[in-house]
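Analysis of the macromolecular model
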Amino acid sequence: CIRAEAQEECDWRRKETLVQQAFELLDFEMAQYGLRPDLVTINSLLGVLMVAKKYTESLEILSAMETQYNVRADVITYSTCISTCDRAHQWEHVAQVHEQMKSAGIKENVITYNALISAAARQGYVER
């Protein structure tokens, strides 16, 4: 059996490797073949970042989407970033991303509301 601490370290390293591979695909391999990331590609990368709790990288991708990739964020993009911030316990960013979403004219859906409710519950704003 693997000790709990060793398993956590192993899981962390796996997540770091996934994040690194995802960025390499986005930044280098796609460019080698003349491909540009689209909304699905970026949302997939954000999903990897969410699993790894990489909120800083997630927010950087969100702010660079239109300028660097010429892609407009959608409700999935924003909801994924909200979930990433929640999972990383960066609740002040949850509210900022939600406000940014509303300012961009993107309407919330059930996924967004689930992410916001989850964040509120983790912060202790929701009582049983």
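The sections below set out a description of the structure shown in this document. (Residues numbered from 1 in each chain as written. Predicted model: local features only at pLDDT ≥ 70, side-chain atom pairs only at ≥ 80, totals over all residues. Heavy atoms only, no water.)

**Describing the overall build of the protein**
Scanning the protein for helices and strands turns up 6 helices and 0 strands. N-terminal to C-terminal, the α/β element order of the protein is α-α-α-α-α-α. In the form shown here, the protein has an accessible surface area of approximately 8,200 Å², with 53% of it arising from carbon and sulfur atoms. (Helix = DSSP H or I, 4+ residues; strand = E, 2+ residues; numbered from the N terminus. Areas by Shrake-Rupley, 256 points an atom, 1.4 Å probe, with all protein chains shown as cover.)

**Re the nonpolar core**
Across soluble globular proteins, nonpolar side chains have a tendency to be buried as a group. I42, I61, L62, M65, Y78 and V97 are the most contacted members of the largest nonpolar core, which has 27 residues in total. When residues of this core are traced back to their parent elements, those giving at least two are α1 (4–32), α2 (39–51), α3 (55–69), α4 (75–87), α5 (91–103) and α6 (110–123). Sorting elements by how many residues they give to this core places α4 first, with 5 residues. Those residues within four positions of M65 in sequence are excluded, and the remaining contacts are L39, I42, N70, V71, R72, A73 and T77. (Core = buried A, V, L, I, M, F, W, Y, C linked by side-chain atoms within 4.5 Å. Buried < 20%, exposed > 50% of the residue type's maximum accessible area, 1.4 Å probe, protein only. Contact = heavy atoms within 4.5 Å.)

**Focus: the pattern of salt bridges**
Overall, the coordinates contain 2 salt bridges when judged by the stated rule. D86 serves as the salt-bridge partner of R122, at 2.9 Å between the closest nitrogen and oxygen. Pair noted here: R122 is in helix α6 and D86 is in helix α4, with a separation of 36 residues, a long-range link. In this structure, K102 engages E99 in a salt bridge whose closest nitrogen and oxygen atoms are separated by 3.1 Å. With a gap of 3 residues between them, K102 and E99 both fall in helix α5, about one helical turn apart. Assessed through its relative accessible area of 40%, K102 is described here as partly exposed. (Salt bridge = Lys/Arg side-chain N within 4 Å of Asp/Glu carboxyl O.)

**Focus on the packing of α2 against α3**
Across the interface, α2 lies against α3 with an axial gap of 10 Å and an inter-helix angle of 165 degrees. Judged by the angle between their axes, α2 and α3 are roughly antiparallel. Like other packed secondary-structure pairs, α2 and α3 cross with a definite hand, here right-handed. On α3, the residues that touch L39, I42, L45, L46 and L49 of α2 are E57, S58, I61, M65 and Y69. Among the residues making up the contact of α2 with α3, the classes are represented as 8 nonpolar, 1 polar and 1 charged. (Axes fitted to C-alpha atoms, helices over the stretch in contact; angles between N-to-C directions. Parallel < 35°, antiparallel > 145°, perpendicular 65-115°, else oblique. Left-handed = near helix turned anticlockwise from the far one by under 90°. Nonpolar A, V, L, I, M, F, W, Y, C, P; charged D, E, K, R; others polar.)

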